[in-house]
Each structure stands twice: as structure tokens, then as C-alpha cells.
Amino acid sequence: TSAETCNTGFRGLNCTDVPHHAWDFRNCVTGQDVADTGQDEGKIASPMNGPTCSAAGISLDGDDDYVNVETFQFGGATSFEVYVKY
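Residues numbered from 1 in each chain as written. Predicted model: local features only at pLDDT ≥ 70, side-chain atom pairs only at ≥ 80, totals over all residues. Heavy atoms only, no water.

## Topic: the pairing of strand 2 (residues 44-48)
Two faces, one strand: in a regular strand the side chains alternate between the faces of the sheet. Using the following cut-off: When DSSP finds at least two bridges between two strands, those strands are taken to pair. Numbering of helices and strands runs from the N terminus; a helix is a DSSP stretch of H or I covering at least four residues, while a strand is a stretch of E covering at least two.
Two elements, strand 1 (residues 34-35) and strand 2, share two bridges in a ladder whose sense is antiparallel. For V34, the partnering residue across the bridge sits in strand 2 and is A45. Pairing between strand 2 and strand 5 (residues 66-69): four bridges, direction antiparallel. Its bridge partner being in strand 5, P47 is matched across the sheet by V67.

## Digging into the packing of aromatic side chains
For clarity, the threshold we go by: Between 30 and 60 degrees the pair is tilted, below 30 it is stacked and above 60 it is edge-to-face, where a pair is any two Phe, Tyr or Trp rings, Trp via its six-membered ring, whose centres lie within 6.5 Å. Here the term buried applies to any residue with accessible area under 20% of the maximum for its type, exposed to any over 50%, and partly exposed to those in between, with areas from a 1.4 Å probe on protein chains only.
For the coordinates displayed, the defined rule picks out three aromatic pairs. Seen from their ring centres, W23 and F72 are 5.8 Å apart, and the 40° between their planes marks the pair as tilted. In this pair, W23 is assigned in the segment before strand 1 and F72 in the segment after strand 5, connecting sequence segments 49 residues apart. Residue class for F72 comes out partly exposed when judged on its relative accessible area of 22%. These aromatic residues form a ring-pair network of at least three members: W23, F72, F74 and F80.

## Some thoughts on the sheet that holds strand 2
Ordered by their spatial adjacency, three strands build an open sheet running 1-2-5, and the pairing between neighbours is antiparallel. Each edge of the open sheet is held by one strand with a lone partner, namely strand 1 and strand 5.

## Overview of the pattern of salt bridges
Proximity of charged atoms lets side chains of opposite charge pair with each other. Where we set the bar: We define a salt bridge as a side-chain nitrogen of Lys or Arg found within 4 Å of a carboxyl oxygen belonging to Asp or Glu.
Per the counting criterion, the structure on display carries one salt bridge. As a salt-bridge pair, D24 and R26 come within 2.8 Å of each other at their nearest N and O atoms. Owing to a relative accessible area of 39%, D24 belongs among the partly exposed residues under this scheme. By relative accessible area, which is 42% here, R26 ends up partly exposed.

## Focus on the state of the cysteines
Stated precisely, the cut-off is as follows: The rule for a disulfide is simple: a pair of cysteine sulfur atoms within 2.5 Å.
Here the structure, examined in full by the defined rule, presents one disulfide. One disulfide bridge connects C28 with C53, the sulfur atoms lying 2.0 Å from each other. Residues C28 and C53 are joined by a disulfide whose S-S torsion is about -100°; by sign, that bridge is left-handed. Of the two residues, C28 is situated in the segment before strand 1 and C53 in strand 3 (residues 52-54); the sequence distance between them amounts to 25 residues. A single burial state applies to C28 and to C53, both of which are buried.

Here it is as C-alpha cells:
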């Protein structure tokens, strides 16, 4: 990715380290979709069945809340970063 098109919102990472897809749920708005901010932005994560948002992230009730992420293709090296508090 060229420097002109590189997403710079990832805490000083260079373009080759920026994820292709990323959803940051910290400070999201309860009931509203969260946009993909990675290199291949455009995918939406939709909260379903009433999760709530805060500065710490999204909170699921353990019963029926979940986040529906638009379909995207996996391939090559893949990693997921998730923080869980219970």
C-alpha cells in the first residue's frame, strides 16, 4: 500500500502492518453499526439483540447479544485480537 492510501489510524504502524479489516468498539454508540477502518475498509459490524457500548468497548449480555460482521474472504496469514472481561 502506498503512503498516500495507507490508513494512518493504527498507532504508528507502518502500512505493511495495518490490518486489512478492523473494528474498534471502544466508544461505539449503542445500537449503531461500527465501520471497518482497516486497509480494505467498507465492511460493517452490526450489534444484534441489544449489546451496549462504552469507552471500554461493546458489552454482550451472555444470552443473545452478538455482533454480525459482513462477510469477507479469509486467506493467507490470519490473526484476531479480542479483549475479554468477565
